Amino acid sequence: MKLQELLNRLSEIKDKLTKIEQASEKRIYLYCEAENSYAVNKFLFEDLGLRFVIETGIDSGPPFNPIDCFEIIYHYSDDESGCVVNLKVFIRDREKPAIESITPFLPAAEWKEREIHDILGIDFKNHPNLKRLILSDDWPEGVYPLRKEVKK
Amino acid sequence: MSWKIWSLKKSPWVFHVNTGACNNCDIEIVGLLTPKFDVERFGIKLVGSPRHADALLVTGVVTAQAAPRLREIYRQTPKPCVVFAIGACACEKGVFTNGYHVAGPVDKVIKEIDPDAIIAYVPGCPPKPEAIISGVVKALSAL
Amino acid sequence: MTEALQNLFWVVVFPGFLFTCFAGLLVCWVVRKVSALVQWRVGPPLYQPFVDVVKLMGKEILIPAEAQRTVFMMAPIVSLAAVGLLATMLWRITIAPKALFVGDIVVAIYLMILPSLGLILGSSASGSPHASVGTGREMKLVISYELPLVLAFVVVVIKTAGLVGPGQQLSLAAIAQYKPVLSISGMLAFLVALLCIQAKLGFVPFDIAEAETELASGVLMEYSGALLGIWKLTQAMMLVVLPLFLVMVFLGGFGVSQWSGLLAGVGKYLLIVVILILIKNTNPRMRIDQAMKFFWVYCGITLAVAVVLAMIGNNYGIGWL
């Protein structure tokens with residue numbers, strides 16, 4: 001769909017997002033909290049028909065965010081306008097980070113969420129197969145390598 | 001020198017092992033085995049199974065998941081055999097020096113099961129095919 | 001006593017085992033050198049196949065824990081013995097045609113199957129999943145090409161039936177004096193037999209069982225050291241024996257009585273080897289279902305036509321059919 005139509009459709013879920021930012025002509029950032037992530041992802045994938053590219057997990061803090069939190073970015077793209085939509089989801093709980101998995105309607109996200117769980121320790125609810133993916137079998141439980149407090 | 005070592009120098013059959021490399025060194029090795037560089041004049045042939053091999057071309061820094069598998073492949077190669085560590089990562093960890101999932105460079109992993117292993121190093125990122133040929137020939141003539 | 005010693009000499013040294021090994025490794029070098037020249041590069045030096053076998057004899061033998069040891073170790077030895085016996089038989093026929101027995105073409109066909117059977121048994125005794133896939137493919141390949149090969153020889157027997165003496169239709173020494181390839185049915189049978197030989201030797205496009213890049217060396221995957229050296233020797237000896245068999249059956253044999261006959265025989269043999277090398281270098285590998293369809297459908301129809309033409313030619317005395 002064209003860029004203007006995309007922006008119009010995105011304003012339908014404006015109440016679930018904290019901010020919509022259009023960084024340049026082909027780049028849109030959406031900011032949202034962890035509770036609304038499932039509904040927004042479902043809307044972007046099924047109703048708008050965007051293409052799911054990849055999912056990124058970050059242990060985020062200053063200077064990008066005033067307080068430490070976990071961040072998951074879902075990258076989507078639109079074929080016709082060439083626009084890339086990045087949905088940034090913030091998980092504020094650092095003790096037991098958890099979010100709902102989008103695997104039930106997007107099977108391609110299964111291994112990406114397994115990898116994020118392995119490396120950052122974020123728990124994905126309703127994930128069909130949350131096993132260890134890339135760390136070796138004798139790696140100690142509970143040590144998540146990409147968290148900021150873990151130094152080699 | 002004994003006839004076994006002499007015949008090993010004249011006809012080294014290689015097997016290619018990737019233990020978690022970025023694939024740059026693998027591309028150079030596969031390019032080396034094309035007719036352009038003609039390594040068959042040295043008797044070098046690519047074989048499909050480590051049980052047929054005399055030389056292991058190991059690329060990549062050995063990740064913690066690949067380490068037991070590399071040891072198993074080394075045990076399955078009939079002795080006498082030579083191990084070539086190709087690329088900066090295989091020789092001395094390269095950019096992954098402080099990595100969290102790295103079991104060590106190739107010589108450390110192999111010397112754990114065989115302290116007398118013959119290991120040759122071909123540094124570079126990635127080494128040119130001419131450098132790999134030169135490294136293999138030098139290692140074989142030093143045997 | 002001296003006759004037993006003489007037989008032993010024939011089997012082991014000349015023209016049996018050692019001579020065929022030496023000639024086989026030399027022809028192996030010819031194959032690699034011609035392949036290299038076709039690819040615009042310098043190939044291996046002359047001593048390369050010899051050094052390969054010597055090196056393999058010097059390495060340790062590793063046997064997998066799940067392998068069935070007896071069959072695993074006996075399979076290459078049985079194959080080598082079968083090929084050695086076949087080589088002795090064929091060379092004796094060319095050198096002394098009067099000393100052989102009737103029906104030896106049947107024995108030769110029987111001995112030719114034994115190396116493939118040895119390969120199947122040895123690889124299924126390895127106890128490895130890659131080798132078992134290779135075993136299945138080798139079995140399907142053997143089922144596909146054995147029948148066309150035997151039918152091609154049946155065409156030759158039909159064609160030479162009227163020309164040889166009574167009771168000698170199945171005698172290789174008698175058949176080897178005629179050239180059935182100079183007729184339509186003979187030429188068709190010769191082409192089919194050439195492709196079946198390509199499959200039996202394990203050359204591309206039919207090296208499905210020992211597919212290096214697909215199956216990590218398939219059937220021979222678990223063999224190492226001296227056992228692998230014995231398999232390589234078997235393959236080298238088959239490279240001498242099988243084209244020699246084709247020369248004797250189709251192209252009029254090796255005439256060892258005069259120099260011109262000997263040179264012509266060597267020339268015919270080299271012609272077949274060069275055709276095999278050129279087919280090997282210009283074709284990709286076939287899938288197993290494509291190979292089965294090729295042998296059963298295309299070669300089968302060609303041979304049916306050849307058999308019919310041969311019988312018509314025999315009945316009405318037309319030589320060129």
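Computed from a prediction, not measured in an experiment: that's the story for all the values here.

Parameters and conventions
Residues numbered from 1 in each chain as written. Chains lettered and ligands numbered in written order. Predicted model: local features only at pLDDT ≥ 70, side-chain atom pairs only at ≥ 80, totals over all residues. Contact = placed C-beta atoms within 7 Å. Nonpolar A, V, L, I, M, F, W, Y, C, P; charged D, E, K, R; others polar. Buried ≥ 20, exposed ≤ 12 C-beta atoms within 10 Å, placed from the backbone. Helix = DSSP H or I, 4+ residues; strand = E, 2+ residues; numbered from the N terminus. Pairing = 2+ DSSP bridges. Right-handed = clockwise from strand over helix to strand, strands pointing away.

Asks: Which residues make up the interface of chain A and chain B, and what values do they have?
Replies: Contact with chain A, which involves 5 residues of that partner, is made by 5 residues of chain B. Among the residues making up the side of chain A that touches chain B, the classes are represented as 3 nonpolar, 1 polar and 1 charged.

Asks: Go over the pairing of strand β4 (residues 82–86) of chain B, please, and point to the residues and values.
Replies: All names here are of chain B. Taken across its 5 residues, β4 has 5 buried, putting it largely inside the fold. Neither face of β4 is left uncovered, since the one carrying V82, F84 and I86 and the one carrying V83 and A85 both have all their residues buried. Judged from the 5 bridges that link them, strand β3 (residues 55–59) and β4 form a sheet pairing that is parallel. The residue of β4 that forms the bridge with L56 is V83. This β-α-β element, β3 to helix α3 (residues 67–76) to β4, shows right-handed connectivity. As paired elements, β4 and strand β5 (residues 118–122) share 5 bridges and run parallel to each other. If you follow F84 over to β5, its bridge partner there is A120.

Asks: Give me the lowdown on the arrangement of the chains, citing residues and values where you can.
Replies: Considering every one of the 2 pairs of chains in contact, the largest contact total is recorded for chains B and C. There is no contact between chain A and chain C; across them, the least C-alpha separation is 24 Å.

Asks: Break down the environment of V122(B) for me, citing the residues and quoting the values.
Replies: Residue and element names in this part refer to chain B. Tracing the backbone shows V122 in strand β5. Spatially, the C-alpha atoms of V122 and C22 are 16 Å apart, while their sequence positions differ by 100 residues. Aside from chain neighbours lying at most four places away, what touches V122 is F84, A85, I86, P127, A131, I132 and G135.

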